[in-house]
Amino acid sequence: MTSKNNGLSAALVSNLQDVLSKRKGGSDASPSEEAPSTSVAAKEEIDEDSRPIVLVTNGDGIDSPGLLSLVEALVSEGLYNVHVCAPQTDKSVSSHSMTLGETIAASSVIIKGATAFEVSGTPVDCISLGLSGALFAWSKPIVVISGINQGSSCGHQMFYSGAVAGAREALVSGVPSLSISLNWKKGESKESEFKEAVGVCLPLINATIRDIEKGVFPKDCSLNIEIPTSPSSNKGFKVTKQSMWRQSHSWQAVSANRHPGAGNFMSNQQSLGAQLAQLGRDASAAGAARRFTTQKKSIVEIESVGVAPKTESRVKKYFRLEFVAKNEEHTDEDLDIKALEDGFVSVTPLSLRPKMDSETEAAVSEWISKALNADQ
């Protein structure tokens, strides 16, 4: 555990260091400070209505192994009343987008020990709906957990991440939150590592809920937890700062005869409610398209490579976006991506408060003054 304060408040770092140092039940931890454990008999005696409510979402979809492994572990603890409100399909790069002015469907699904709904919207839709009181009959859960996401959300990837956005939406609504991601490596990582990742972060989840109940969890703060590849071999926890790291955007041209047909946009896994909602949107879109084509020139589909021919017809091309990891050397030990690459579990406190360094603020102020004076 790093001893630096990383530019964070001393109280926050002290709190996190105390929690994380006891993650393996060290000998210096007193019994009252260790994560609570409950026998099977004691669990049966717990009044379900009195247990703290935990709301779980993610960005990868309700059937993703990361979410299911996390929910299974939370249910097994027997300490929490677990609710799930997660996207029906993969919305991992939906950022903080919301579905406005369209009908979304929320369909109940069976996840043993939890009350669960899949939503035909984004992670932010899920949290906004879940906290609204329109779907679940409650005031507020004690915490929102978003994850476990498949793939790192370090650095600038936080701006794209649906999982981080779900946790951020909870914070906007005044609910403490955690976002959790596993640094998944294609062709290397295994699905079983999600269970390992849960085992790594579960002590921190328990400590978070315990300290929220005590009123000592850092306020106005969400924690973004990044778990390294091969979670069981991690080197410990580090409190980190958000880096400037990002993945490159790679746009690939796709042949016109390879683009997905309209029928493929609707997943076979969708519920009836979502299918009906989609059919309604498709019908509206089809009607709009017919009205549009009666007024515009016909569309010509061409190969996405090469220069479009000169024609009076409108041209349609097809492209696919992929993220490509950059080969960069990171040297700042305090940053999330460096800690993750070195095998540590990165814990980055995130805040809603606007932050601007004094040097940039002074430069902007000077520029505005000069720009306004120049126009006079």
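Residues numbered from 1 in each chain as written. Predicted model: local features only at pLDDT ≥ 70, side-chain atom pairs only at ≥ 80, totals over all residues. Heavy atoms only, no water.

- The protein chain goes by Survival protein SurE-like phosphatase/nucleotidase domain-containing protein in an unreviewed UniProt entry, where it is assigned to Brassica campestris.
- Database annotation for the protein chain, UniProt heading Sequence similarities (unreviewed entry): "Belongs to the SurE nucleotidase family." (UniProt positions renumbered as here; feature names shortened; annotations may be inferred.)

**Here we look at the overall build of the protein chain**
Thinking step 1. A tally of helices and strands in the protein chain yields 10 helices and 13 strands.
Thinking step 2. Here the protein chain holds 376 residues, and 44% of them are scored as buried.
Thinking step 3. Considering only residue pairs separated by 6 or more positions, the protein chain has 79% of its internal contacts joining residues 24 or more positions apart. (Helix = DSSP H or I, 4+ residues; strand = E, 2+ residues; numbered from the N terminus. Buried < 20%, exposed > 50% of the residue type's maximum accessible area, 1.4 Å probe, protein only. Contact = heavy atoms within 4.5 Å.)

**Things to note about unusual backbone geometry**
Thinking step 1. Each neighbour pair has its own omega, and for G147 with I148 the value is 0 degrees, a cis peptide bond.
Thinking step 2. Within the secondary structure layout, I148 lies in strand β5 (residues 143-150).
Thinking step 3. Its identity is not glycine, yet S230 carries a phi of approximately 55 degrees, on the positive side.
Thinking step 4. Examined against the element boundaries, S230 turns out to sit in the loop between β7 (222-227) and β8 (237-239).

**Re the packing of helix α3 (residues 65-77) against helix α7 (residues 193-214)**
Thinking step 1. In contact at an axis separation of 10 Å, α3 and α7 are set at 50 degrees when each is read in the N-to-C sense. Classified by the interaxial angle, the pair formed by α3 and α7 is oblique. Considering only the axes of α3 and α7, their crossing is right-handed. Facing P65, G66, S69, L70, E72, A73, L74 and E77 of α3, the residues of α7 in contact are F194, K195, V198, L202, I205 and N206.
Thinking step 2. When grouped by side-chain class, the residues that make up the contact of α3 with α7 number eight nonpolar, three polar and three charged. (Axes fitted to C-alpha atoms, helices over the stretch in contact; angles between N-to-C directions. Parallel < 35°, antiparallel > 145°, perpendicular 65-115°, else oblique. Left-handed = near helix turned anticlockwise from the far one by under 90°. Nonpolar A, V, L, I, M, F, W, Y, C, P; charged D, E, K, R; others polar.)

**Re the pattern of salt bridges**
Two side chains bearing opposite charge may form a pair once their charged atoms approach each other closely.
Thinking step 1. Across all of its chains, the model carries three salt bridges by this definition.
Thinking step 2. R210 is paired through a salt bridge with D211; the nearest N and O atoms lie 3.2 Å apart.
Thinking step 3. Where D342 meets K338, a salt bridge forms, and the shortest distance between an N and an O atom there is 3.4 Å.
Thinking step 4. Classification of D342 as partly exposed rests on a relative accessible area of 24%.
Thinking step 5. Residue K338 is classed as buried on the basis of its relative accessible area of 15%. (Salt bridge = Lys/Arg side-chain N within 4 Å of Asp/Glu carboxyl O.)

**Re the packing of helix α4 (residues 123-132) against helix α6 (residues 162-172)**
Helix packing geometry: the angle between the two helix axes and the distance between the axes.
Thinking step 1. Between α4 and α6, whose axes approach to 8 Å, the crossing angle comes to 25 degrees. Classified by the interaxial angle, the pair formed by α4 and α6 is roughly parallel. Judged by the twist between their axes, the crossing of α4 over α6 is right-handed. Here P123, V124, I127, S128 and L131 of α4 come into contact with α6, specifically with G162, A165, G166, E169 and A170.
Thinking step 2. The residue inventory of the contact of α4 with α6, partitioned by class, reads six nonpolar, three polar and one charged.

**A word on the side chain of T240**
Thinking step 1. Topologically, T240 is positioned in the loop between β8 and β9 (248-254).
Thinking step 2. At 2.6 Å, the side chain of T240 and the side chain of S346 are in polar contact.
Thinking step 3. Reaching out from T240, the side chain makes a polar contact with the side chain of T348 at a distance of 2.7 Å. (Polar contact = N/O pair within 3.5 Å; in protein donor to acceptor, adjacent residues only side chain to side chain.)

**Considering the packing of aromatic side chains**
Thinking step 1. The full count for this structure, using the stated rule, is two aromatic pairs.
Thinking step 2. Seen from their ring centres, W184 and F194 are 5.4 Å apart, and the 20 degrees between their planes marks the pair as stacked. Pair noted here: W184 is in the loop between β6 (177-182) and α7 and F194 is in helix α7, with a separation of 10 residues, a long-range link.
Thinking step 3. A cation sits over an aromatic face here: K238 above F344, 4.3 Å from the ring centre. (Phe/Tyr/Trp six-rings, centres within 6.5 Å; stacked < 30°, edge-to-face > 60°. Lys NZ or Arg CZ within 6 Å of the ring centre and 35° of its normal.)

**A few points about a nonpolar patch on the surface**
Thinking step 1. A surface patch of nonpolar side chains, amounting to about 410 Å² of accessible area, comprises V364, W367, I368 and L372.
Thinking step 2. In this fold, W367 is placed in helix α10 (residues 358-374). (Patch = residues over 30% accessible without salt bridge, like charges linked within 9 Å, V, L, I, M, F, W, Y side chains within 5 Å. Areas by Shrake-Rupley, 256 points an atom, 1.4 Å probe, with all protein chains shown as cover.)

**Structural notes on the side chain of N149**
Thinking step 1. One can find N149 in strand β5.
Thinking step 2. Setting aside its immediate chain neighbours within four residues, N149 contacts D60, S92, A163, I180, S181, L182 and F194.

**Details of the pairing of strand β13 (residues 345-350)**
Thinking step 1. Among the six residues that make up β13, six are buried, leaving the element largely enclosed by the rest of the structure.
Thinking step 2. The alternating pattern of β13 places V345, V347 and P349 and S346, T348 and L350 on opposite faces, both of which are buried.
Thinking step 3. Relative to β13, β7 runs antiparallel, the two being bridged by five bridges. Counted as the bridge partner of N224 is T348 from β13.
Thinking step 4. With three bridges joining them, β8 and β13 adopt parallel strand pairing. The residue of β13 that forms the bridge with V239 is V347. (Pairing = 2+ DSSP bridges.)

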